[in-house]
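If you want the building blocks of each chain, they are given just below.
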Amino acid sequence: MNWWEGSSETRLLIAPDSVAAEKGVGHCLSLRHPKSGTATCYLAVDEKLLELQWFKLPYGSWFLGDYVHKDGCLYTATPVDPVFIMLPLFEEAKMKKGDDPGKFRQLDEILFINGYPGYQHLLAIAEKSMPVVCEVKEIGSTRFFRLDDTKVLAWLSNKVHRVKQTLSTLDKNYAARSEKEMLADAVSIVGEYLLDEPWLKHLCDSLKLNLGDFGEAAHKQNFQDVAETNDFGSPVALQGKSGTNKRASKVGRQVKKAKVETDSQNIKEMFTRASRRAR
């Protein structure tokens, strides 16, 4: 069987080489975005988590081998630190009251979210990644987790400084910016995956920045273009960030869904039929 046979919904996906080379089976998961809380599509492949985005021009198609694929959408899978995705869940799971540090919970309890069964696929990922921001206790063969505020703040500060260092290498214009401006840019990027309360506020306070400088309205704009459904046949929302989608949202139109491939044609056959008609 050829690679294009057996599926009527081919998609063109750009993903890191390390993910494309994996032999494991990937899962498209509907998870809550840590900033907006809206349903967002992620791809879990061999203990790696990637965020799916899509981009579509008004007109377009793809040449795949000898075939024309009508769906001109471009899907991208970019790695995301799973700690960002699970941070709100672990914060809620503490059930903290006043000065009480909160409760220790098992992972299967923390990741049980009504309406989002996809979190159950993240148990192995959480087991490996969440100790960096949690206190962990072991009783027999069972492990219990509780989010540690000090560890979370240290982890976020490290993320900000790493982003700041990366930004300075990407654009020479950053050399003309002040240290505080570069730091604010880095916090703004990291803040796209943080709720304002409590972690973005705590992060800004620790770095002596004003949370109001980032503007809550700017964060909300980034999520206006979230599509209501995707084309994988499941209730997963794919988020689009192209200029086309933003323009459509301003006039109140829904983001156009990608068309499902129904009748791809062999290019050689198309030219053969054309030459016959010419005779």
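Here we summarise the structure given alongside this text. From a predicted model like this one, the values you see are computed outputs, not experimental measurements.

So, about the overall build of the protein chain. The helix and strand tally for the protein chain stands at 10 helices and 10 strands. Residues counted as buried form 39% of the 279 residues belonging to the protein chain. For the protein chain, long-range pairs separated by at least 24 residues make up 61% of all intrachain contacts whose partners lie at least 6 apart in sequence. For the protein chain, the accessible area works out to roughly 16,300 Å², and carbon and sulfur atoms hold 53% of it.

Attention now moves to helix α5 (residues 149–170). Residues spaced three or four apart along an α-helix point in a common direction, a consequence of the helix completing one turn every 3.6 residues. For α5, spanning 22 residues, the distance from its first C-alpha to its last is 32 Å, which sits close to the expected 32 Å at 1.5 Å a residue. Among all positions of α5, only Val152, Trp155, Leu156, Ser157, Lys159, Val160, Lys164 and Leu167 are buried. Those residues of α5 hidden inside the fold are in contact with α2 (82–93), β9 (142–147), α6 (179–190) and α7 (196–206). Capping the start of α5 is the job of one residue whose side-chain oxygen sits 2.9 Å from the backbone nitrogen of threonine 150: aspartate 148.

This next bit is on the pairing of strand β7 (residues 74–79). Where strand β1 (residues 13–14) meets β7, two bridges bridge the pair, whose relative direction is parallel. The residue of β7 that forms the bridge with isoleucine 14 is threonine 76. As judged from the six bridges shared by strand β4 (residues 48–55) and β7, these two strands associate in the antiparallel manner. Opposite leucine 50, over in β7, you have proline 79 as the bridge partner.

Counted at 1.5 Å a residue, the expected span for α6 with its 12 residues is 16 Å, and the 17 Å between its end C-alpha atoms agrees. Of all the residues in α6, the buried ones are Met182, Leu183, Ala186, Val187 and Val190. Buried residues of α6 fall within an arc of 140° about the axis and therefore sit on the same side. Against the buried residues of α6 lie α2, α5 and α7.

Position of glutamine 53 among the secondary structure elements: in strand β4. One polar contact links glutamine 53 to glutamate 51, side chain to side chain, over a distance of 3.3 Å.

Cut-offs used in this document
Residues numbered from 1 in each chain as written. Predicted model: local features only at pLDDT ≥ 70, side-chain atom pairs only at ≥ 80, totals over all residues. Heavy atoms only, no water. Helix = DSSP H or I, 4+ residues; strand = E, 2+ residues; numbered from the N terminus. Buried < 20%, exposed > 50% of the residue type's maximum accessible area, 1.4 Å probe, protein only. Contact = heavy atoms within 4.5 Å. Areas by Shrake-Rupley, 256 points an atom, 1.4 Å probe, with all protein chains shown as cover. Expected span 1.5 Å × (residues − 1). Polar contact = N/O pair within 3.5 Å; in protein donor to acceptor, adjacent residues only side chain to side chain. Pairing = 2+ DSSP bridges. Arc of directions from axis to C-beta.

On their own, these measurements won't tell you what the molecule is for.
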